Amino acid sequence: MATQEKIRLRRLEIEAEGYLELGMPDHALTAVHRMETMGRLSPHALLIKGHSHFLLDHFEEAVIPLEQAAVLIPNELLVWLSLGWCYKRTGRLDRAIHSLEEGIRLLPAQGILYYNLACYLSLTGRKQEALHHLATALMIEPKFRDEMATESDFDLLRTDPVFQELASIIV
């Protein structure tokens, strides 16, 4: 690939990322499409494509580029979160759980991965696992305690004494 073409692809990637930051995923996808017509997408461009589709509620369309990004840039938090969210919203909780478990294996200090995993496990009725991951999320990032009260994914856990104890701990 010629140097000029590489520069143009990089500029389009920056443009797409900028559109995402501005909350304009449809424009980001337009820039990504222009990159696709020029050649193969970079790992980061795949993430931009997948996350843009996610933001537009195109969950099925988001999965393939996010899966590709997960292979190419596995240490990128947004890959695992977006992939989990898309799987959940397409009714594939088992895949959502698996993707977050893989994200945790690679990024064990990210509380949001544990929190979302706790949500998905709760939805499947796996209470003990959900409570374990929720406790871990709260140890890493206590701010999630504020979200627990209104998180409908935890409705099955609300009467559990461990959940109530986790919700009442003052940090």
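What comes next concerns the included structure.

The rules behind these values
- Residues numbered from 1 in each chain as written.
- Predicted model: local features only at pLDDT ≥ 70, side-chain atom pairs only at ≥ 80, totals over all residues.
- Heavy atoms only, no water.
- Disulfide = S-S within 2.5 Å.
- Buried < 20%, exposed > 50% of the residue type's maximum accessible area, 1.4 Å probe, protein only.
- Helix = DSSP H or I, 4+ residues; strand = E, 2+ residues; numbered from the N terminus.
- Expected span 1.5 Å × (residues − 1).
- Contact = heavy atoms within 4.5 Å.
- Phe/Tyr/Trp six-rings, centres within 6.5 Å; stacked < 30°, edge-to-face > 60°.
- Lys NZ or Arg CZ within 6 Å of the ring centre and 35° of its normal.
- Salt bridge = Lys/Arg side-chain N within 4 Å of Asp/Glu carboxyl O.
- Core = buried A, V, L, I, M, F, W, Y, C linked by side-chain atoms within 4.5 Å.
- Axes fitted to C-alpha atoms, helices over the stretch in contact; angles between N-to-C directions.
- Parallel < 35°, antiparallel > 145°, perpendicular 65-115°, else oblique.
- Left-handed = near helix turned anticlockwise from the far one by under 90°.

1. Section: the state of the cysteines
Here, disulfide denotes a covalent bond that connects the sulfur atoms of two cysteines.
Step number 1: All told, the structure shown has 0 disulfides when counted by the stated rule.
Step number 2: In this model Cys86 remains outside any disulfide bridge; the closest cysteine sulfur is found in Cys119, 16 Å from its own.
Step number 3: Looking at Cys119, the relative accessible area reads 3%, which means it is buried.

2. A look at unusual backbone geometry
Step number 1: The phi torsion at Asp57 lies on the positive side, around 65 degrees, for a residue other than glycine.
Step number 2: Looking at the secondary structure, you find Asp57 in the loop between helix H3 (43–55) and helix H4 (59–72).

3. Examining helix H7 (residues 111–123)
Step number 1: Taking 1.5 Å of rise per residue, the 13 residues of H7 would be expected to cover 18 Å, and the 19 Å separating its terminal C-alpha atoms lies within 8% of that figure.
Step number 2: The buried fraction of H7 is high, at 11 of 13 residues.
Step number 3: Inspection of H7 places Gly111, Leu113, Tyr114, Tyr115, Asn116, Leu117, Ala118, Cys119, Tyr120, Leu121 and Ser122 among the buried residues, and these make up the whole buried set.
Step number 4: Its buried side turned inward, H7 meets helix H5 (77–89), helix H6 (93–106), helix H8 (127–140) and helix H9 (144–148).
Step number 5: Backbone geometry just after H7 places Gly125 at a positive phi near 85 degrees.

4. Section: H8
Step number 1: Between its first and last C-alpha atoms H8 spans 20 Å; for 14 residues at 1.5 Å apiece the expected length is 20 Å, and the two agree.
Step number 2: Among all positions in H8, only Ala130, Leu131, His133, Leu134, Thr136, Ala137 and Leu138 are buried.
Step number 3: Contacts made by the buried residues of H8 are with H7, H9 and helix H10 (161–168).

5. Comments concerning the packing of aromatic side chains
Step number 1: Applying the stated criterion across every chain, the model contains 5 aromatic pairs.
Step number 2: Measuring from ring centre to ring centre gives 5.0 Å for Phe54 and Trp85, while their planes differ by 20 degrees; the resulting arrangement is stacked. Placement of the pair is Phe54 in helix H3 and Trp85 in helix H5, with a sequence separation of 31 residues.
Step number 3: On the accessibility criterion, Phe54 (10% relative accessible area) is buried.
Step number 4: Ring plane angle 55 degrees and centroid distance 5.7 Å describe the contact between Phe154 and Phe163, whose orientation is recorded as tilted. Of the two residues examined, Phe154 and Phe163, each falls in the buried class.
Step number 5: An aromatic cluster is built from Tyr115, Phe144, Phe154 and Phe163, whose rings are joined through pairwise contacts.
Step number 6: For the cation-ring pair, Lys143 lies above Phe144, with the distance from its terminal atom to the ring centre recorded as 5.5 Å.

6. Looking at the environment of Arg89
Step number 1: Note on placement: Arg89 falls in helix H5.
Step number 2: Taking the C-alpha atoms as reference points, Arg89 and Leu12, 77 residues apart in sequence, are found 29 Å from one another.
Step number 3: When neighbours within four sequence positions are excluded, Arg89 is seen to be in contact with Phe54, Phe59 and Tyr120.

7. Remarks on the pattern of salt bridges
Step number 1: Taken as a whole, this structure holds 10 salt bridges when the rule is applied.
Step number 2: As a salt-bridge pair, Lys143 and Glu141 come within 3.4 Å of each other at their nearest N and O atoms.

8. Focus: the nonpolar core
Step number 1: Counting residues in each nonpolar core, the largest one holds 50 residues, and the members touching the most others are Met35, Tyr115, Leu134, Met148 and Phe154.
Step number 2: At 8 residues, the largest contribution of residues to this core is made by H7.
Step number 3: What Met35 contacts, discounting residues up to four positions off in sequence, is Leu9, Leu12, Glu13, Ala16, Leu41 and Ala45.

9. A look at the packing of helix H1 (residues 3–21) against H3
The angle between the axes and the distance between the axes are what describe a pair of packed helices.
Step number 1: One way to put it is that H1 packs onto H3 with a least axis distance of 10 Å and a crossing angle of 30 degrees. Comparing their axes, H3 and H1 come out roughly parallel. H1 and H3 meet at a crossing whose hand is left-handed. Residues Glu13, Ala16, Glu17 and Leu20 of H1 lie in contact with H3, whose contacting residues are His44, Ala45, Ile48, His51, Ser52 and Leu55.

As far as function goes, none of this settles anything; it's purely spatial.
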